[in-house]
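Listed below, chain by chain, are the residues.
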Amino acid sequence: IKPAKKIKKVAVIGGGIGGMESALVLAKRGHKVTLFEKSGELGGVFIAAAAPSFKEKDKALIAWYKRELTKYPIEVNLNAEVTDIASLGADEVIIATGSTPNRIPVPGIDKGIQAIDFLLGKADVGENVTIIGGGLTGCEIAYELYLQGKKPTIVEMMDDLVVTPGICLANTSFLRDFFSANKVPVHLETKLAEVHDDGVTVVNKDGKSFKIDADSVILSTGYRPAPLAAKAKNVHVIGDAAKVGNLRSVIWGAWDVCMKI
């Protein structure tokens, strides 16, 4: 960490991992930092990501960031939604407002449960659960459901599970092997056509339509960036607000931007 050549007033909008990392790096460099988080808790979408029972280290990471923030003169404002960055009077602004879930335009989509709502405990599920989306989040939800004694089924459009680059191979290999060994149904190259009260209709790569019975349907169909403002000379968009990534890309990206301010 190198001290800043010129001390600036910096506003960080968003208290997720990217926002907290930014605030820490900036404060360590000597800048005057104010952090704004629209909810009542720091952690952002990572609170949901750390929710499964096997994510002890992720929960510990959020706790570590919260502790570290108290060690520096960082003004933290919770329940503080920013709508106009010009009103902040900051020399530099970090936009760390994360992402928003993708919404698939298919009939009955409102009958499904958003992955983040399930992870945050806002929605209960039945015995047989179909997860739409076999990315890392969808697979981790399926794994957690299996550990709870439920019967998950995964539906994924791509030809493999967790195809996103940059994710630890040990994690993805374990998940694939676990589902295979425990005979968890996985439908690859299959897309969602409709959500019903008692399951889903899907279409496979051959164009064949079939129904999967389910008590509950969880939608884990990815995220899209939700930046509060566009990148400008003194406005820096980081983390998922710039490009949806993972824990490593968010932290490294925040570091790179804040070391140049």
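So, here is what we can say about the structure in this document. (Residues numbered from 1 in each chain as written. Predicted model: local features only at pLDDT ≥ 70, side-chain atom pairs only at ≥ 80, totals over all residues. Heavy atoms only, no water.)

Some words on the packing of aromatic side chains
Move 1: Evaluation of the coordinates by the stated rule reveals 7 aromatic pairs.
Move 2: Judged by centre distance (4.9 Å) and plane angle (75 degrees), the rings of Trp64 and Tyr65 are edge-to-face.
Move 3: The exposure class of Tyr65 is buried, given its relative accessible area of 2%.
Move 4: An angle of 85 degrees between the planes, with centres 5.4 Å apart, marks the rings of Tyr143 and Phe174 as edge-to-face. Here Tyr143, found in helix α5 (residues 136-147), pairs with Phe174, found in helix α6 (residues 169-181); they are 31 residues apart in sequence, far enough to count as distant.
Move 5: Among the residues examined, Phe174 registers a relative accessible area of 40% and is labelled partly exposed.
Move 6: A connected cluster of aromatic rings, assembled from ring pairs, spans Phe54, Tyr143, Tyr146, Phe174, Phe178 and Phe179.
Move 7: Stacked on the ring of Trp252, the Lys or Arg Arg248 has its end atom at 5.4 Å from the ring centre. (Phe/Tyr/Trp six-rings, centres within 6.5 Å; stacked < 30°, edge-to-face > 60°. Buried < 20%, exposed > 50% of the residue type's maximum accessible area, 1.4 Å probe, protein only. Helix = DSSP H or I, 4+ residues; strand = E, 2+ residues; numbered from the N terminus. Lys NZ or Arg CZ within 6 Å of the ring centre and 35° of its normal.)

Quick notes on the pairing of strand β1 (residues 9-13)
Move 1: Counted residue by residue, β1 has 4 buried out of 5 residues, so it is predominantly covered.
Move 2: In this sheet, strand β2 (residues 32-36) lies alongside β1 in parallel orientation, the contact comprising 5 bridges. The residue bridging Lys9 from the neighbouring strand is Lys32, located in β2.
Move 3: Read as a crossover between parallel neighbours, the route from β1 over helix α1 (residues 17-28) to β2 is right-handed.
Move 4: In this structure, β1 lies alongside strand β4 (residues 92-95), joined through 4 bridges in parallel fashion. In the strand pairing of β4, Val12 is matched with Ile94. (Pairing = 2+ DSSP bridges. Right-handed = clockwise from strand over helix to strand, strands pointing away.)

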